[in-house]
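# Observations on chain architecture
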Amino acid sequence: SWIQSFSTYAISRLQSDPASILYGAHMQVEGLCGSLSSEHKRWCVFQILSMLTKKNNKLYKKDDSLSPSTCSKLDQWLENLDEEEASEIEEDVLVAGMWIPRYLMNALESWGDEDFEDWEINEQLNDSKLISKLLQWLLCLEFLDAAASSDMRNRAHIGSYIQKTAALKNVLNSALHHAKLDDRKDMLWFTSTSIDSERREFLLPDLSTLVLFRSAESIPTLFKSWWNEDCPRSVQSSINKFVEAMVAPETLRRELDRIRVATNLDELSVSGSCVSREVVATYVQDECNLSVMIRVPSSFPLRNVEVDCRKTLGISEKRWRHWSLQIMLMLNSQDGSILDALMLWKQNVDKEFEGVEPCPVCYSVLCVKTHAMPNLECKTCHNRFHSSCLYKWFSSSGKNQCVLCQQPWSGTKVGK
């Protein structure tokens, strides 16, 4: 058929000279996303969109209009929120809107409103429709990774947006229903969406297994939350074994490869081993040889990483403990990569040696999510906090008091 002929031509061009096809794909990205529902078109369309993500370019400008559906959803999310929290959520959605196609955002937002039965038990949802949804999810993760490679802050923003959609539970529970968790011999699922794959069709078991792997790799904190809160207890052990055998070793290997080719490390020296599962970073600042060791458990992200800064000489215990907590916060709670966490640590060290005190809530000078400086100062004790950290502290504690001096909060904004 003409579709097969065009697919063969398009794949050939993607492999040899993709520029013209990717330019057209950027212009027609919404229509291409819609074509993922076509059994005859989806292989070719997925390859085009997947390669488009590798360009690491924004799809839209920040002030471009969101879809009416997303605007309506955002209005729902902002109801009854204080100004600070509302501003943070709005920023999350706007960042997602620069990198993720409108079609895929609408899909995520609608999935969160559906019951799991709408995905699995409803007879109208056949394998083909589920494959379409899983492909859309995988592309969302690829667009997320592209955004994060452009600016590490984008991962936190888009991750928060994905969490807000509440789509994760339905996606992963559906994938879990069909995944090959216990098959250690058939590894074809690893390359089941590759452009070089000889089998140019998507099989639901392979795709489902890949969805679990890629979710754990790209949004580890959200994956861990799903495992703890929404994963059926009967299969938690199987997921844990799958992570230990398939996810943790490969994601660490990929991260170490990413570190080796990084060009922005400057004076930061990083080494690591897949055998010991340890990553060591050293950084010389003001004649101090600073050292960080990150231990990645065999079941990460289901278990938290450990960070040790004690080998740093000439640094107070309070300071290196804060550094450890800061890195652990990013890796265990903010979907951050090891490289991103180390780069943020380096930037924080630079600021601290310039005399800037870290926020007493997150122990970081630069806000983990936004990289903003502490911008609210207590009028009583004069300590400075990130506004987002302070408002989260007020919300979780139920108190309107300074974190440190415990006096009724009276603060003022300071320069960022």
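Residues numbered from 1 in each chain as written. Predicted model: local features only at pLDDT ≥ 70, side-chain atom pairs only at ≥ 80, totals over all residues. Heavy atoms only, no water.

### Quick notes on the sheet that holds strand 1 (residues 269–273)
Put simply, the test is: DSSP bridges decide pairing: two strands pair if at least two such bridges lie between them. Put simply, DSSP marks the helices as runs of H or I at least four residues long and the strands as runs of E at least two long, and each gets a number from the N terminus on. Between the N-to-C directions of two axes lies an angle of 0 to 180 degrees, each axis being a line fitted to C-alpha atoms and, for a helix, fitted only over the stretch in contact. The criterion used for residue contact is that any of the two residues' heavy atoms lie within 4.5 Å.
Overall, antiparallel pairing links the four strands, which are arranged 1-2-3-4 in an open sheet. Both edges of this open sheet fall to strand 1 and strand 4 (306–308), since each of them pairs with a single strand only. Neighbour-to-neighbour, the strand axes of the sheet open up by a mean angle of 15 degrees, direction not taken into account. As defined by bridge partners, strand 3 (residues 288–295) adjoins strand 4 across three bridges and the pair is classed as antiparallel. If you follow Ile294 over to strand 4, its bridge partner there is Val307. Where helix 14 (residues 233–260) meets the sheet, its contacts fall on strand 1 and strand 2 (278–285), and the angle it forms with strand 1 comes to roughly 155 degrees. Packing of helix 16 (residues 338–353) onto the sheet brings it into contact with strand 1, strand 2 and strand 3, and relative to strand 2 it is tilted by some 25 degrees.

### A short note on the packing of aromatic side chains
Which entries qualify depends on this criterion: Ring pairs shown here join Phe, Tyr and Trp side chains whose ring centres sit within 6.5 Å, with only the six-membered ring taken for Trp; geometry is labelled stacked below 30 degrees between planes, edge-to-face above 60, and tilted in between. Per-residue accessibility, obtained with a 1.4 Å probe over protein chains only, is compared with the maximum for each type, and a residue is labelled buried under 20%, exposed over 50%, and partly exposed between these values. Throughout this description, the term charge over a ring refers to an Arg CZ or Lys NZ atom that lies within 6 Å of the ring centre and within 35 degrees of the ring normal.
Enumeration over the complete set of coordinates arrives at 13 aromatic pairs. Where Trp189 meets Phe190, the ring centres are 4.2 Å apart and the plane angle is 20 degrees; that geometry is what we call stacked. Aromatic pair Phe223 and Trp226: ring centres 5.3 Å apart, planes at 50 degrees, arrangement tilted. Taken as a pair, Phe223 and Trp226 lie in helix 13 (residues 220–229) at a separation of three residues, close to a single helical turn. Note on Trp226: relative accessible area 1%, which makes it buried. Within the aromatic cluster, the residues linked to one another by ring pairs are Trp189, Phe190, Phe213 and Phe242. Seen from the ring of Tyr60, Arg102 lies directly overhead, with NZ or CZ sitting 3.9 Å from the centre.

### Overview of the state of the cysteines
Condition: Note that a disulfide, as used here, is simply two cysteine sulfur atoms within 2.5 Å.
This model, assessed by the stated rule, comprises zero disulfides. Cysteine Cys33 shares no disulfide, and the gap to the nearest cysteine sulfur, in Cys140, comes to 8.1 Å. Residue Cys33 is classed as buried on the basis of its relative accessible area of 0%. Here Cys71 stays unpaired: no disulfide links it, and the sulfur of Cys140, its closest cysteine neighbor, is 17 Å away. Classification of Cys71 as partly exposed rests on a relative accessible area of 33%.

### Comments concerning the sheet that holds strand 5 (residues 376–378)
Pairing is antiparallel in the open sheet, where three strands are placed in the order 6-5-7. Since the sheet does not close on itself, it has two edges, and those belong to strand 6 (384–385) and strand 7 (411–413), each with one partner. Alignment of strand 5 against strand 7, held across three bridges, turns out to be antiparallel. Across the sheet, residue Cys378 finds its bridge partner in strand 7, namely Gly411.

### Comments concerning the layout of surface pockets
A water-sized probe rolled over the atoms picks out the places where empty space is left. Stated precisely, the cut-off is as follows: Two kinds of site are reported from a 1 Å grid over the protein atoms alone, namely cavities, where a 1.4 Å probe fits but cannot get out, and pockets, open sets with protein on both sides within 12 Å along at least five of seven lines, and residues are called lining when an atom falls within 4 Å of a point. Grid points are joined across faces, edges and corners, and a volume is the space filled by probe spheres set on the points. Residue classes follow a fixed rule: Ala, Val, Leu, Ile, Met, Phe, Trp, Tyr, Cys and Pro count as nonpolar, while Asp, Glu, Lys and Arg count as charged, and any other residue, Gly among them, counts as polar.
As a volume, the largest pocket reaches approximately 1100 Å³. Along its surface, the largest pocket is lined by 43 residues, and Asp145, Arg214, Glu217, Ser218 and Arg254 are the ones closest to its centre. Broken down by secondary-structure element, the contributors of at least two residues to the lining of the largest pocket are helix 4 (42–53), helix 9 (127–150), helix 12 (204–218) and helix 14. Residue contributions to the lining of the largest pocket peak at seven residues, all from helix 14. The residue makeup of the lining of the largest pocket, split by class, is 20 nonpolar, 12 polar and 11 charged. The computed volume of the second largest pocket comes to approximately 850 Å³. Lining the second largest pocket are 34 residues, with Glu88, Ser160, Gln334, Lys369 and Lys392 positioned closest to its centre. Where the lining of the second largest pocket is concerned, the elements lending two or more residues are helix 6 (83–99), helix 10 (153–165), helix 13, helix 15 (317–333) and helix 17 (387–397). Classifying every residue of the lining of the second largest pocket by side-chain character gives 15 nonpolar, nine polar and 10 charged.

### Observations regarding the environment of Pro301
Among the secondary structure elements, Pro301 is positioned in the loop between strand 3 and strand 4. Here the alpha-carbon distance between Pro301 and Pro360, two residues 59 residues apart in the chain, equals 26 Å.

### As for the packing of helix 1 (residues 2–16) against helix 4
Quick note on the threshold: Each angle receives one of four descriptions, namely roughly parallel if under 35 degrees, roughly antiparallel if over 145, roughly perpendicular if within 65 to 115, and oblique otherwise. Left-handed describes a crossing whose near helix is turned anticlockwise from the far helix through less than a right angle; right-handed describes the clockwise counterpart.
One way to put it is that helix 1 packs onto helix 4 with a least axis distance of 9 Å and a crossing angle of 20 degrees. With respect to helix 4, the axis of helix 1 lies roughly parallel. Along this stretch, helix 1 crosses helix 4, giving a crossing that reads as left-handed. Where helix 1 approaches helix 4, its residues Ser7, Ala10, Ile11 and Leu14 are matched on the opposing element by Trp43, Cys44, Gln47, Ile48 and Met51. Class assignment for the residues of the contact of helix 1 with helix 4 results in seven nonpolar, two polar and no charged.

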